[in-house]
Amino acid sequence: MAETDGPAISLRGLVRRYGDRVALDGVDLDLPEGQTLAVLGPNGSGKSTLLRVLATLLRPSGGEASVLGARLPGEAWQVRGRVGYLGHQPLLYRDLTGRENLVLQARLNGLDREEAAESIERDLELVGMSSRADEAVGGYSAGMRQRISICRAVLTRPPLLLLDEPDSNLDPDGRVVVRDLVGPASGRTRVLVSHEPERALAEADLFLRLGPSGKVEEVGTP
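Residues numbered from 1 in each chain as written. Predicted model: local features only at pLDDT ≥ 70, side-chain atom pairs only at ≥ 80, totals over all residues. Heavy atoms only, no water.

A closer look at the overall build of the protein
Phase 1 of the analysis: When you go through the protein residue by residue, the secondary structure sums to seven helices and 10 strands.
Phase 2 of the analysis: Relative to the 2.2 N^0.38 estimate, which gives 17 Å for 222 residues, the radius of gyration of the protein is 17 Å and therefore close to what a compact globule would have.
Phase 3 of the analysis: Once the C-alpha set of the protein is aligned to its principal axes, its extents read approximately 45 × 35 × 35 Å.
Phase 4 of the analysis: For the protein, the residues scored as buried account for 49% of the 222 residues in total.
Phase 5 of the analysis: Considering only contacts within the protein whose residues lie at least 6 apart along the sequence, 67% involve residues at least 24 apart.
Phase 6 of the analysis: By element, 46% of the accessible surface of the protein is carried by carbon and sulfur atoms, the whole surface being about 10700 Å².
Phase 7 of the analysis: Averaging the positions of the 27 positive and the 32 negative side-chain charges in the protein gives two centres separated by 5 Å. (Helix = DSSP H or I, 4+ residues; strand = E, 2+ residues; numbered from the N terminus. Rg over C-alpha atoms; globule rule 2.2 N^0.38 Å. Buried < 20%, exposed > 50% of the residue type's maximum accessible area, 1.4 Å probe, protein only. Contact = heavy atoms within 4.5 Å. Areas by Shrake-Rupley, 256 points an atom, 1.4 Å probe, with all protein chains shown as cover. Lys, Arg positive; Asp, Glu negative; His and termini not counted. Charge placed at Lys NZ, Arg CZ, Asp CG, Glu CD.)

Here we look at the packing of aromatic side chains
Phase 1 of the analysis: Scanning the model with the defined rule gives zero aromatic pairs in all.
Phase 2 of the analysis: It is Arg16 that lies over the ring of Tyr18; its NZ or CZ is 4.8 Å from the centre. (Phe/Tyr/Trp six-rings, centres within 6.5 Å; stacked < 30°, edge-to-face > 60°. Lys NZ or Arg CZ within 6 Å of the ring centre and 35° of its normal.)

Focus: a negative patch on the surface
Phase 1 of the analysis: A contiguous patch of negative charge, built from Asp112, Glu114, Glu115 and Glu118, is present on the exposed surface.
Phase 2 of the analysis: Its location among the elements puts Asp112 in the loop between helix H2 (98-108) and helix H3 (113-126). (Patch = residues over 30% accessible without salt bridge, like charges linked within 9 Å, V, L, I, M, F, W, Y side chains within 5 Å. Salt bridge = Lys/Arg side-chain N within 4 Å of Asp/Glu carboxyl O.)

A few points about the packing of H2 against H3
The description of two helices packed together rests on the angle between their axes and the distance between the axes.
Phase 1 of the analysis: At a minimum axis distance of 10 Å, the contact between H2 and H3 shows a crossing angle of 140 degrees. As summarised for this structure, H2 and H3 are arranged oblique, according to the angle between their axes. Helix-helix and strand crossings are classified by hand; for H2 and H3 the assignment is right-handed. Contact residues: Arg99, Leu102, Val103, Ala106 and Arg107 in H2; Arg113, Ala116, Ile120, Glu121 and Leu124 in H3.
Phase 2 of the analysis: By residue class, the composition of the contact of H2 with H3 is six nonpolar, no polar and four charged. (Axes fitted to C-alpha atoms, helices over the stretch in contact; angles between N-to-C directions. Parallel < 35°, antiparallel > 145°, perpendicular 65-115°, else oblique. Left-handed = near helix turned anticlockwise from the far one by under 90°. Nonpolar A, V, L, I, M, F, W, Y, C, P; charged D, E, K, R; others polar.)

Some details on a nonpolar patch on the surface
Phase 1 of the analysis: Residues Tyr93, Leu104 and Leu108 make up a contiguous nonpolar surface patch of roughly 330 Å² in combined accessible area.
Phase 2 of the analysis: Its place among the elements puts Tyr93 in the loop between strand E6 (83-86) and H2.
Phase 3 of the analysis: Look at Tyr93 and you get exposed, because its relative accessible area is 52%.

A look at the sheet that holds strand E2 (residues 21-31)
Phase 1 of the analysis: Across the sheet, which stays open at both edges, the four strands sit in the order E2-E1-E4-E5 with antiparallel pairing between neighbours. A single partner strand is all that each edge strand has here, and the edge strands are E2 and strand E5 (70-72). On average, each strand axis in the sheet is inclined to that of its neighbour by 30 degrees, with strand direction left out of account.
Phase 2 of the analysis: In terms of strand pairing, strand E4 (residues 62-67) meets E5 through three bridges, oriented antiparallel. Residue pairing for E5: Ser66 is matched across the bridge by Arg71.
Phase 3 of the analysis: Where helix H1 (residues 47-54) meets the sheet, its contacts fall on strand E1 (9-18), E2, E4 and E5, and the angle it forms with E1 comes to roughly 115 degrees. (Pairing = 2+ DSSP bridges.)

Quick word on unusual backbone geometry
Phase 1 of the analysis: A cis geometry characterises the amide bond from Leu72 onward to Pro73, with omega recorded as 5 degrees.
Phase 2 of the analysis: One can find Pro73 in the loop between E5 and E6.
Phase 3 of the analysis: Positive phi outside glycine occurs at Leu91, with the angle close to 55 degrees.
Phase 4 of the analysis: Positive phi, close to 70 degrees, is recorded for Asn169, a residue that is not glycine.
Phase 5 of the analysis: Its location among the elements puts Asn169 in the loop between strand E7 (160-164) and helix H5 (172-177).
Phase 6 of the analysis: Among the residues examined, Asn169 registers a relative accessible area of 52% and is labelled exposed.

Overview of the pairing of E4
Phase 1 of the analysis: Bridge count between E1 and E4: five bridges; the pairing is antiparallel. Directly across from Arg12, in E4, lies its bridge partner Glu64.
Phase 2 of the analysis: As consecutive antiparallel partners, E4 and E5 are separated by two residues, and within that stretch Leu68 has a phi angle of approximately 50 degrees, a positive value.

Put into structure tokens, the structure is as follows:
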């Protein structure tokens, strides 16, 4: 995996606004490579907004942000394809099959066709979706879409994973089968948003607790 000269993520006074509403208010953080950050807080505290900024989907409104050595937003192009993002929305085309969605994503990222095909088959088998991969996503259950979305997030073998409630819609068996791809054993730097503090902290090296309007309430080790 690619290495950087400093932390995988470095934030100084990060601010994000939606019009007059402040979603993130002065976030400071350093996350070393290979570690997991758990992001905790109530609804509306800016957890998902933080992930979208780190994923280069939202521009910071103020402060400084660096991801894998690239400053955001000016150098965001340097990290696209090196960051795996799993959000609340599955980011899948409902009229395409699960496999077609992954093949399309591989092409958009310029992956070698043969290598991508092997990787896709391996991941589909790992998450238990091989037998359903040629059905349209629109006919999937929420848990099945989540499994395909996880395959999509790791398709480029990114060194950084941004995971917004990765267990969402998964039954206990589903939670187990996806752990090799997005769990601690993946060996990747991870930012994990969760409404289950005990579960998240058990996997975390660091935690960030956000309060109302995205103010930092606490940063530390579990």
